[in-house]
Structure formats: C-alpha cells, structure tokens
Amino acid sequence: MKNAQTRSPAKKPRPVPFARRLVGHHKRRTFVAGAGIGFAMLVIFVQLGFYGAVLHTALAVSDRFNGDLMLISPSFVYLGETGEIPKARLFQALNEEEVISASPFYFQYANWRHAATGKHCRLFALAFPLDEAADNPPLDLPEIQGQMDRLRPTDNLLLDRFTQSDCGPDPGRSEVEVQGRSNQVVGQFDLGVGFLADGAFITSDDTFSRLYRSHSLERPHLGLIQLRPGSDPDAVAEKLRARLPNDVRVVTREELNGYQTHHWVSNTAAGNIFGLGSIAGFFIGLVVLFEILSTDIRNQLPFYATLMAMGYTRRQLLLFVLEQSWIFAMLGYLPALGISSLLFPIIHAQTQLPVFLTPDLALGVGVLGFAMCSGAAGLSFLRLRRAD
C-alpha cells in the first residue's frame, strides 16, 4: 500500500509595503514633505475658520429674529444698510387673518466711547418697542426676556458680552458714552456680531430716538411678522406682496438669511479674502507634494522599472505612489489639527470673532487634504511613463 503524499497549498506571497519603506527610508525628505503639507493644511484650517466667522457674521442677528416673515425696504442690502419702511405697513399686515403680530425693529451703527480711556468703538444698535416685546421678544435671546424692565428708563442698554473688551465699560462701572450721550449698561446678553461691528447693544425704541434724533420712529428699518401656528409662510408672503405697496418687500426668514449670506460671502473683502486664502492653501500643498513625489519618482525610476519587469502593473505602481501621498497627508494633518485646536481659542479670546474648530471643519480639511495629496500623486505618476 502506497503512502499518500499530501502537498501543502502554496502560500500567497506577502505584499511588500513599498510605500511605507520608501517614506521611512528618506527621513529628511519625509520630514520636509510632512512639514510642507502640515503648513498648507494649517493655512486651510485658519482660512476656513475665518470664513466660518464670516458666515456666522451673516446670520448672527437675522437668524435670531423671532418672526416668520419680514418687511424690508426695496433698498435693503444687509442689516448694516437696510433702508427704511413706513410703519403703517405693519398695521396693514395685521389685517391678514394669519398674522398675529407685526413689530418694528430699528438698527443703526453707534459711535461708542469708553468713558475712562476715551477709546472710540463702532457698535451695532438694536432697538424695539418694549411693550410689544414684553410677552414676545423679537429676538431669540433668552437672557433679554428677564431684563426688559431694566430698559424702560431712557438711556439704559444691554451690552453684548462678545463686545471688544477695550470698548468698556470697565468692571464695576456702567457708564458709557453713545452718540455723545451718557448711557448706562444695565445688563448683558450673548450674541456676537463678528465682522459686523466691534460689538452690539440692545435698547428701547425711546432711547433709540434720543440717540438718533434725526430718525423718526415712524420709519423702522425692518418689520417682524409672526403668523398663527400652522400657517404657510410662503403663501402668506404672496398675499402680502399682492396687497402691500411697492415701498416694502415681504421676505421669509430663509430669504433674508440668503441676502445676508450673499452679501457677506460675495460682496465683502473678508468673504473673498478668506475664501481665496483657502484655495491658495490647497494649491500650496499640491505643489509642495508634487515636487517631492515627482523628484522621488525621477530618482527611483530604475526601481519602478524593475517592478514593472517583475510583472507589476501601472495600476499597482500608482497605488504605491498614492499610499505615499496618503502617509504624507496624515503626517501633515495631525500636527495641523493639533496646532489649530490650540490656536483657535486664542484667536477667539483676542478678537471676539466666532472662530471655532468644529467637527465639520476638521473633517472638511481632512477630506481636502487627502484630495490635495491624491491630486499631487496623480500628477507625479505621469513621470512613470518613462519607466521601461
């Protein structure tokens, strides 16, 4: 009887981590590549962080309006340049059965002076009638509802906590000078207006009329309209547009926010600069990694040619180059993320701008970084056509 001889199945060759070995073999080159990619990603982090502050500025006030529809002037550009509307249009809007309230709102930039240091600041004033706001505040700011009575004496105001610290008043003092008049800070609230102004304050319409004597309260800058529960804002807006004269425009919350966002992103230097800065950071990283990878491929052409002679396909070689670029992406992304997590709180504390490192921002920069490195790898791979 013959003994059966068994053969063990042939083992598949273990894949060789060419990309990791190439990265680890040239440590100096790896350090330079990681530093270059990290710098580019840090630039993208900072630029997109400030770009996010521009978006926050656009919606800081308009997104807090406690209304379903708004009446604005035909000349409305953004909340810092609103134009005026006749107050009578608010009473006309109340004739619609779906409308339960229509309140005037006043905006204006204010010349603010620190009483102790004499420093001048530019703050954004927000004002409305207190009687109408007692049960239904026009702004979705929970802190102000319990402070309405403090605003009834004229020349009293509430100050945004995110106002620039050097604008005053000093701790323990409440007197400030607004529009050349002495006023008292009687409370605070959290808003943050970003690039719109150095800060903001809320006051009554009576105090507003004393600060801006040339402005009549019969000409509000905006009207807030609240609808009955279950009403369709778009349908009511169409009815109001048909019945009100053309000296006002009726817009929904989403439309007003759209006007705000378009202005700040497209029509301001801040929106354009930080948007273009992010693009510049992307191309900086692309060029840096392309130069490093293409130089490495040129120096390693005999190695890649040998791999092709051994049976490796161009697709496999492209994967090696992509793996190198992804390693460089991680080596650059993690330090950039760590530095940003330390830098952003400092920027916010020093400037009071809404610059925050959010999960969406961290994920977005990571995706951009890997796309940037993959693009550089694809361009560098063109040199492998010379491998024979």
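Residues numbered from 1 in each chain as written. Predicted model: local features only at pLDDT ≥ 70, side-chain atom pairs only at ≥ 80, totals over all residues. Heavy atoms only, no water.

Chemist: Quick question: what am I supposed to make of the overall build of the protein chain here?
Modeler: Helix and strand counts for the protein chain stand at twelve helices and nine strands. Its C-alpha atoms give the protein chain a radius of gyration of 30 Å, clearly above 21 Å, the size a compact globule of 388 residues would have. Along the first, second and third principal axes, the C-alpha atoms of the protein chain reach 105 × 55 × 50 Å. The buried share of the protein chain, reckoned over its 388 residues, is 47%. Pairs at least 24 residues apart make up 79% of the contacts formed inside the protein chain by residues separated by at least 6 positions. With the model as given, the accessible surface of the protein chain reaches about 19,700 Å², and the carbon-plus-sulfur share is 55%. Averaging the coordinates of the 36 positive side-chain charges in the protein chain and doing the same for the 35 negative ones gives two points 20 Å apart. (Helix = DSSP H or I, 4+ residues; strand = E, 2+ residues; numbered from the N terminus. Rg over C-alpha atoms; globule rule 2.2 N^0.38 Å. Buried < 20%, exposed > 50% of the residue type's maximum accessible area, 1.4 Å probe, protein only. Contact = heavy atoms within 4.5 Å. Areas by Shrake-Rupley, 256 points an atom, 1.4 Å probe, with all protein chains shown as cover. Lys, Arg positive; Asp, Glu negative; His and termini not counted. Charge placed at Lys NZ, Arg CZ, Asp CG, Glu CD.)

Chemist: Got a minute to help me understand helix α11 (residues 314–351) in this structure?
Modeler: The periodicity of an α-helix, 3.6 residues per turn, causes residues three or four positions apart to be oriented the same way. The end-to-end C-alpha distance of α11 is 52 Å, a good match for the 56 Å that 38 residues give at a rise of 1.5 Å each. At S341, α11 is deflected by roughly 25°, the largest bend along its length, and proline P345 occurs up to four residues later in sequence. Looking one or two places after α11, you find Q352, whose phi comes out positive at around 65°. (Expected span 1.5 Å × (residues − 1). Bend = angle between axes of the 7 residues up to and from the residue.)

Chemist: Please clarify how the pattern of salt bridges should be interpreted in this entry.
Modeler: Any two side chains of opposite charge can pair, given that their charged atoms come close. Evaluation of the coordinates by the stated rule reveals 16 salt bridges. Between R89 and D247 there is a salt bridge, with its nearest N and O atoms 2.8 Å apart. One end of the pair, R89, is in helix α3 (residues 88–93); the other, D247, is in the loop between α7 (233–243) and β9 (249–252), with 158 residues separating them in the sequence. When the shortest N-O distance is used, the salt bridge between E255 and R241 registers 3.1 Å. Taken as a pair, E255 in helix α8 (residues 253–266) and R241 in helix α7 lie far apart in primary sequence, 14 residues in all. Residue E255 is classed as partly exposed on the basis of its relative accessible area of 32%. Note on R241: relative accessible area 32%, which makes it partly exposed. (Salt bridge = Lys/Arg side-chain N within 4 Å of Asp/Glu carboxyl O.)

Chemist: Whenever I open this one, empty space enclosed by the protein confuses me. Can you help?
Modeler: Space left empty within the atom packing is revealed by a probe, the size of a water molecule, rolled over the atoms. One pass over the full model with this rule turns up one cavity of 30 Å³ or more. Reported here for the largest cavity is a volume of approximately 30 Å³. Surrounding the largest cavity, S103, P104, F128, P129, E132, A133, N136 and P138 form its lining. When residues of the lining of the largest cavity are traced back to their parent elements, those giving at least two are β2 (99–113) and α4 (130–133). (1 Å grid on protein atoms, 1.4 Å probe; cavity = no way out; pocket = protein on both sides within 12 Å on 5 of 7 lines; lining within 4 Å. Points joined across faces, edges and corners; volume = space filled by probe spheres on them.)

Chemist: So what exactly am I meant to see when it comes to the state of the cysteines here?
Modeler: As used in these notes, a disulfide is a covalent bond between sulfur atoms, one from each of two cysteines. According to the stated counting rule, one finds one disulfide in the structure shown. Through a disulfide, C121 is tied to C167; the S-S separation comes to 2.1 Å. For the disulfide bridge between C121 and C167, the dihedral angle about the S-S bond is near -100°, and by the sign convention the bridge is left-handed. Of this pair, C121 sits in strand β3 (residues 120–128) while C167 sits in the loop between β4 (156–160) and β5 (175–178), and the two are 46 residues apart along the sequence. (Disulfide = S-S within 2.5 Å.)

Chemist: When you look at the packing of helix α2 (residues 27–59) against α11 in this model, what are you seeing that I'm missing?
Modeler: The axes of two packed helices give the description: the angle between them and the distance between them. Between α2 and α11, the least distance of the axes is 7 Å, while the angle of their chain directions is 45°. The pairing of α2 with α11 is recorded here as oblique in orientation. Crossing of α2 over α11 shows right-handed handedness. (Axes fitted to C-alpha atoms, helices over the stretch in contact; angles between N-to-C directions. Parallel < 35°, antiparallel > 145°, perpendicular 65-115°, else oblique. Left-handed = near helix turned anticlockwise from the far one by under 90°.)

Chemist: Help me out: how do you make sense of the side chain of E96 in this one?
Modeler: Tracing the backbone through its elements, the reader meets E96 in the loop between α3 and β2. A polar contact of 3.5 Å, which involves the side chain of E96, links it to the side chain of K239. With near-sequence residues (within four places) excluded, E96 lies in contact with K239, L240 and R243. (Polar contact = N/O pair within 3.5 Å; in protein donor to acceptor, adjacent residues only side chain to side chain.)

Chemist: Would you mind showing me how to read the layout of surface pockets here?
Modeler: When its volume is computed, the largest pocket comes out at roughly 180 Å³. Along the wall of the largest pocket there are 13 residues; nearest its centre are L159, S165, G168, P169 and Q188. Looking at the lining of the largest pocket residue by residue, the classes come out as three nonpolar, six polar and four charged. Each pocket or cavity is described by its volume, and for the second largest pocket that value is around 150 Å³. If you go around the second largest pocket, the residues you meet are L48, G49, G52, A53, L55, H56, P354, V355, F356, T358 and L361. With six residues, the single largest contributor to the lining of the second largest pocket is α2. (Nonpolar A, V, L, I, M, F, W, Y, C, P; charged D, E, K, R; others polar.)

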